[in-house]
Amino acid sequence: GEDVEQSLFLSVREGDSSVINCTYTDSSSTYLYWYKQEPGAGLQLLTYIFSNMDMKQDQRLTVLLNKKDKHLSLRIADTQTGDSAIYFCAESPGYSSASKIIFGSGTRLSIRP
Amino acid sequence: EADIYQTPRYLVIGTGKKITLECSQTMGHDKMYWYQQDPGMELHLIHYSYGVNSTEKGDLSSESTVSRIRTEHFPLTLESARPSHTSQYLCASSESGISPLHFGNGTRLTVT
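Residues numbered from 1 in each chain as written. Chains lettered and ligands numbered in written order. Predicted model: local features only at pLDDT ≥ 70, side-chain atom pairs only at ≥ 80, totals over all residues. Heavy atoms only, no water.

> Would you take a moment to explain the sheet that holds strand 8 (residues 76-78) of chain B for this structure?
Pairing between the strands of a sheet is mediated by backbone hydrogen bonds and can be parallel or antiparallel. Residues and elements named next belong to chain B. Strand order across the open sheet formed by 4 strands is 1-3-8-7, with antiparallel pairing between neighbours. Strand pairing shows two members of the sheet lacking a second neighbour, strand 1 (4-7) and strand 7 (65-66), which therefore form its edges. Here strand 1 pairs with strand 3 (residues 19-25) via 4 bridges, running antiparallel. Paired with Q6 across the two strands is C23, which belongs to strand 3. (Pairing = 2+ DSSP bridges. Helix = DSSP H or I, 4+ residues; strand = E, 2+ residues; numbered from the N terminus.)

Okay, here's the thing in C-alpha cells:
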C-alpha cells in the first residue's frame, strides 16, 4: 500500500537553513503537503505542491519535488526558534474522490542557539 | 482564525464514563475525519465521513463511534472510557478527498 516516510528528528542552529526530507511510494500522487504541528495543537497546513511542479517557494519556505525518485523536501531559510515543531509530510494518492490523505510519521525540528 | 472547532480542549474522566468529543466546521466541507495521536507521534485515522449519513472506520481499529447527521457536525463517542483511550483526538475536514485537510486544535483526553 501507499507509504510516506520521514526521518524522526532534525536539529539545526538558529539562523541556518533546515531541510526536512520525505519519500513516498505512490506514483499517482496528485498533491503533496507539508503540515506543522506545535506542541498541544492541531496540524497547520504550511504549503503544498501539485505533482506536476518541481518547486514552490513561499517566503522562507521552499518545497522541492523529485517525482522520479518520489522525494519531497521542505527547506526553511533562516530558521527561528518559532520554527520548532513537528513537520508532517502528506500525500493525496490518486484522483478519486474517495482518496484519503496519507501522513508520514513526522519530523521533530529542534533549534539550537 | 479557526474554521473547525473541537470541544472540549482538555478532558479528564474516570474509567467507565461515556464521553462525546465535539467537532464542528463552518466551511461546508463534505469530508470529515477523526485522527488519534499520542504526544509527538504519528497520526492514526480512526473514522471518516464523506457526507451526511456516511461514516467509515479508518485504518486504526477504535472502540469509538461517530455520527454525521449534519454536514457541519461530526461528534465522536466513547461508550465506556478506559485508560487505553488516553490520547489526543484531532478532527479535520476537507473539500474533497485530495484537498488539504483543515485541522481543529484537538481534544486531549485523559482517562483515569
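Following the structure, the description resumes.
> What should I look at first to understand the pairing of strand 4 (residues 31-37) of chain B in this one?
Regular strands place side chains that alternate from one sheet face to the opposite one. Residues and elements named next belong to chain B. Extensive coverage of strand 4 is indicated by the burial of 7 of its 7 residues. Burial along strand 4 is two-sided: the residues K31, Y33, Y35 and Q37 and M32, W34 and Q36 are all buried. Pairing of strand 4 with strand 9 (residues 87-94) involves 7 bridges; the strand directions are antiparallel. Directly across from Y35, in strand 9, lies its bridge partner L90. Where strand 4 and strand 5 (residues 43-51) come together, 6 bridges link them in antiparallel fashion. Among the inter-strand pairings, Q36 is bridged to a residue of strand 5, identified as H44. Counting the residues between successive antiparallel strands, the hairpin from strand 4 to strand 5 contains 5 residues, one of them, G40, with a positive phi of roughly 70 degrees. (Buried < 20%, exposed > 50% of the residue type's maximum accessible area, 1.4 Å probe, protein only.)

> Is there a simple way to explain the interface of chain B and chain A in this structure?
Put simply, an interface is often sized by how much accessible area is lost when its parts join up. Every contact between the two is made by 23 residues of chain B and, on the other side, 24 residues of chain A. Around 1,700 Å² of area is buried between chain B and chain A when both sides are counted, 58% of it from carbon and sulfur atoms. The interface formed by chain B and chain A contains 0 salt bridges. Counting residues per element, the ones that place at least two in the side of chain B that touches chain A are strand 4, strand 5 and strand 9 of chain B. By residue class, the composition of the side of chain B that touches chain A is 11 nonpolar, 7 polar and 5 charged. (Contact = heavy atoms within 4.5 Å. Buried area = accessible area lost by both parts, 1.4 Å probe. Salt bridge = Lys/Arg side-chain N within 4 Å of Asp/Glu carboxyl O. Nonpolar A, V, L, I, M, F, W, Y, C, P; charged D, E, K, R; others polar.)

> Before we go on, may I ask you to explain the side chain of B:Q25 in this structure?
All names here are of chain B. Among the secondary structure elements, Q25 is positioned in strand 3. The class of Q25 is buried, set by a relative accessible area of 2%. Side-chain polar atoms of Q25 contact the backbone oxygen of H29, separated by 2.8 Å. Those residues in contact with Q25 that sit more than four places away from it in its chain are D3, I4, M32, R68, T71, E72 and S93. (Polar contact = N/O pair within 3.5 Å; in protein donor to acceptor, adjacent residues only side chain to side chain.)

> What exactly am I supposed to notice about the sheet that holds strand 6 (residues 55-58) of chain A here?
All names here are of chain A. A sheet is described by the order of its strands in space; here 5 strands give the open sequence 1-3-8-7-6, paired in antiparallel fashion. In this open sheet, the two edge strands, each paired with only one partner strand, are strand 1 (4-6) and strand 6. Geometrically, the sheet is characterised by an average inter-axis angle of 15 degrees between neighbouring strands, direction not taken into account. (Axes fitted to C-alpha atoms, helices over the stretch in contact; angles between N-to-C directions.)

> I'm lost on the environment of B:S62 in this one. Help?
Residues and elements named next belong to chain B. Following the sequence through the fold, S62 ends up in the loop between strand 6 (54-57) and strand 7. Here the alpha-carbon distance between S62 and H29, two residues 33 residues apart in the chain, equals 24 Å. Every residue in contact with S62, bar those within four places of it in the chain, is listed here: I46, H47 and K57. Polar side-chain contacts of S62 include one of 2.6 Å to the side chain of S64.

By themselves, these figures tell us nothing about what the structure is for.
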